[in-house]
Amino acid sequence: MNQYTLDYSEPRPGRWRRTRQPHRRMTAAFRRTLLLLSGLVCGIAVVGVLRMRTEVKIHHERYQEQVIQYDSLLATKLEADRELEKLRIHLLKRQP
């Protein structure tokens with residue numbers, strides 16, 4: 001037999017048989033699927049974290065706006081209480 005002759009004999013004991021190739025294809029497909037799914041899960045996690053950070057920023061801004069409104073309301077109430085106290089004192093002085 002020369003190098004160009006095809007060998008149709010049974011495979012020797014040390015060689016892989018052709019029946020193993022579908023198993024290899026299955027393993028490779030499984031690995032690709034697993035890699036794709038893990039990438040998808042990681043992508044979803046990253047998007048979730050980014051969205052959560054955005055929501056936290058929005059809530060923080062709204063909280064700061066409410067704090068400013070509350071402070072201004074307290075300042076207005078304090079000013080109104082001072083004016084009311086001045087009026088009371090003024091009215092008490094006028095009464096005989």
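This structure is a prediction, so every number in the text was calculated from the model and none was measured.

Criteria and thresholds
- Residues numbered from 1 in each chain as written.
- Predicted model: local features only at pLDDT ≥ 70, side-chain atom pairs only at ≥ 80, totals over all residues.
- Heavy atoms only, no water.
- Helix = DSSP H or I, 4+ residues; strand = E, 2+ residues; numbered from the N terminus.
- Buried < 20%, exposed > 50% of the residue type's maximum accessible area, 1.4 Å probe, protein only.
- Salt bridge = Lys/Arg side-chain N within 4 Å of Asp/Glu carboxyl O.
- Patch = residues over 30% accessible without salt bridge, like charges linked within 9 Å, V, L, I, M, F, W, Y side chains within 5 Å.
- Areas by Shrake-Rupley, 256 points an atom, 1.4 Å probe, with all protein chains shown as cover.

Asker: Give a detailed account of the overall build of the protein chain, specifying residues and quantitative values.
Answerer: Of the regular secondary structure elements, the protein chain holds 1 helix and 0 strands. Expressed as a percentage of its 96 residues, the buried residues of the protein chain come to 0%.

Asker: Please give an account of the pattern of salt bridges that cites residues and values.
Answerer: The tally for this structure, following the rule as stated, stands at 3 salt bridges. A salt bridge links Arg51 to Glu55, with the shortest nitrogen-to-oxygen separation between them at 3.7 Å. You can see Arg51 and its partner Glu55 sitting in helix H1 (residues 21-94), 4 residues apart, about one turn around the helix. For Arg51, a relative accessible area of 58% puts it in the exposed group. Between Asp81 and Lys77 there is a salt bridge, with its nearest N and O atoms 3.1 Å apart. Of this pair, Asp81 and Lys77 are both found in helix H1, 4 residues apart, which corresponds to roughly one turn of the helix.

Asker: Give me a nonpolar patch on the surface: which residues, what numbers.
Answerer: A surface patch of nonpolar side chains, amounting to about 310 Å² of accessible area, comprises Leu37, Leu40 and Ile44. On the secondary structure map, Ile44 appears in helix H1.

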